[in-house]
Amino acid sequence: MGDLTDVINYMADEITASEKMKNDFISSVSHELRTPLTAIKGWSETLETLGDDPEDCEMMQRGLTVISGETERLSSMVEELLDFSRMQNGLSLECEKLDLAAEVSDAVLTMTPRARQEGLALRWEEPEAPVPVHADAARLKQVFINVLDNAVKYSPPGGAITVDLLQDGHNAFLNFTDEGRGIAQEDLENVKTKFYKGKGSVRGSGIGLAVVDEIVTAHGGSLSLQSEV
């Protein structure tokens, strides 16, 4: 965890706002990392005490599911922090000719089990014709996963997340729509700012959309947000 600590300290030093914002950021990240670690530790200790009877087997399966989910969550958080740190030294892209529709399908396929687990429908219909773009496949997937993850976090069970791909001449537009609680107007203009967390924010470091904005801008695109409570 030494490298991660250095990253967190580095990013905290980069915050130019008030000392309170810096302290809030450090506290938030520390809490976000501690929560999954506590769950993993607790369930690991519980599993050590279980036997072979059916009830214990059921408890073991439940514990393994929690550990797997929390490990994935922790890994995602660490990667988000490290990716943001790398971008401070300049975002490098390895662009090639890609089918944008296929890249979106790959991200949707990745996120579908998570959406189902949260009781959400993830709607996407891949266009029949390819949509060629010159882009970095890994970075595009990072954008799509971050946006979809954000939609999942803020959507109520039973809701739907819809992804649409539109074309207008030489331009391609991706629309991600969810049925979440919405973002207050005073927060909407700041949510792309690194470390910013609005009043209704849930778990997260406050840098996900900042990372998305950096990558999209580096590709010559733009990220726009529309929402209301």
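See the structure above.
Since we're looking at a predicted model, the values are computed, not measured.

Peer 1: Explain the overall build of the protein chain to me, using residue names and the numbers behind them.
Peer 2: Across its full length, the protein chain holds seven helices and five strands. Split into buried and exposed, the 229 residues of the protein chain put 36% on the buried side. Summarising the internal contacts of the protein chain: among those between residues at least 6 apart in sequence, 69% fall at separations of at least 24. Entry remark: accessible area of the protein chain is about 13,700 Å², with carbon and sulfur atoms responsible for 49%.

Peer 1: Please set out helix α5 (residues 137-153) residue by residue, giving values where relevant.
Peer 2: One turn of an α-helix holds 3.6 residues; hence residues three or four places apart share an orientation. In a regular helix each residue adds 1.5 Å, so 17 residues correspond to 24 Å; α5 covers 24 Å between its end C-alpha atoms and thus fits that length. Of the residues that open α5, the one with a side-chain oxygen 3.0 Å from the backbone nitrogen of A138 is D136.

Peer 1: Pulling in residues and values, what's your account of the nonpolar core?
Peer 2: Of all hydrophobic cores here, the largest spans 29 residues; its most connected members are V108, L122, V143, F144, L148 and I161. Secondary-structure elements contributing two or more residues to this core are α4 (100-117), β2 (121-124), α5, β4 (160-168) and α7 (208-218). Sort the elements by how many residues they give to this core and α5 lands first, with eight residues. For V108, the residues in contact, after removing those within four places along its chain, are L122, W124, L148 and V163. Among the nonpolar cores identified, the runner-up in size contains eight residues, and L4, L74, M77 and I207 belong to it.

Peer 1: Explain the pattern of salt bridges to me, and be specific about the residues and the numbers.
Peer 2: All chains considered together, the criterion is met by four salt bridges. Across the pair R114 and D149 runs a salt bridge, and its minimum N-O distance is 2.5 Å. Of this pair, R114 sits in helix α4 while D149 is found in helix α5, placing the two residues 35 residues apart along the sequence. For D149, the salt bridge identified is with K153, shortest N-O distance 3.9 Å. With D149 and K153 both in helix α5, this residue pair falls four residues apart, about one helical turn. Because the salt bridges share partners, they merge into one network encompassing R114, D149 and K153.

Peer 1: Please set out a negative patch on the surface residue by residue, giving values where relevant.
Peer 2: A grouping of D52, D53, E55 and E58 is seen on the molecular surface, where their side chains present a negatively charged patch. Among the secondary structure elements, D53 is positioned in the loop between α2 (19-48) and α3 (54-87). Among the residues examined, D53 registers a relative accessible area of 38% and is labelled partly exposed.

Peer 1: Explain the packing of α4 against α5 to me, using residue names and the numbers behind them.
Peer 2: Interhelical geometry of α4 versus α5 gives an angle of 40 degrees and a closest axis separation of 9 Å. In terms of axis orientation, α4 runs oblique to α5. At the point where α4 passes α5, the crossing takes the right-handed sense. Here α4 contributes L100, E103, V104, D106, A107, V108, T110, M111, R114 and A115 to the contact with α5, which in turn contributes A137, L140, K141, F144, I145, L148, D149, V152 and K153.

Peer 1: So, the sheet that holds strand β5 (residues 171-177): which residues are in play, and what are the values?
Peer 2: Within the open sheet, the three strands sit side by side as β2-β4-β5. Their pairing is mixed. Two strands lie at the open edges of the sheet, namely β2 and β5, each paired on one side alone. Adjacent strand axes in the sheet meet at a mean angle of 15 degrees, parallel and antiparallel pairs treated alike. Summarising the sheet, β4 and β5 pair through seven bridges and their orientation is antiparallel. Each bridged residue has a counterpart across the sheet, and for L166 the counterpart in β5 is F173. Running over the sheet, α4 touches β2, β4 and β5 and is turned about 170 degrees from β2.

Peer 1: I'd like a rundown of the packing of α5 against α7, residues and numbers included.
Peer 2: Where α5 meets α7, the axes come as close as 9 Å, and the angle between the chain directions of the two elements is 145 degrees. Two packed elements cross with a definite hand, and for α5 against α7 that hand is left-handed. Of the residues in α7, those in contact with R139, Q142, V143, N146 and V147 of α5 are G208, V211, V212, I215 and V216. Partitioned by chemical class, the residues of the contact of α5 with α7 number six nonpolar, three polar and one charged.

Analysis parameters
Residues numbered from 1 in each chain as written. Predicted model: local features only at pLDDT ≥ 70, side-chain atom pairs only at ≥ 80, totals over all residues. Heavy atoms only, no water. Helix = DSSP H or I, 4+ residues; strand = E, 2+ residues; numbered from the N terminus. Buried < 20%, exposed > 50% of the residue type's maximum accessible area, 1.4 Å probe, protein only. Contact = heavy atoms within 4.5 Å. Areas by Shrake-Rupley, 256 points an atom, 1.4 Å probe, with all protein chains shown as cover. Expected span 1.5 Å × (residues − 1). Polar contact = N/O pair within 3.5 Å; in protein donor to acceptor, adjacent residues only side chain to side chain. Core = buried A, V, L, I, M, F, W, Y, C linked by side-chain atoms within 4.5 Å. Salt bridge = Lys/Arg side-chain N within 4 Å of Asp/Glu carboxyl O. Patch = residues over 30% accessible without salt bridge, like charges linked within 9 Å, V, L, I, M, F, W, Y side chains within 5 Å. Lys, Arg positive; Asp, Glu negative; His and termini not counted. Charge placed at Lys NZ, Arg CZ, Asp CG, Glu CD. Axes fitted to C-alpha atoms, helices over the stretch in contact; angles between N-to-C directions. Parallel < 35°, antiparallel > 145°, perpendicular 65-115°, else oblique. Left-handed = near helix turned anticlockwise from the far one by under 90°. Pairing = 2+ DSSP bridges. Nonpolar A, V, L, I, M, F, W, Y, C, P; charged D, E, K, R; others polar.

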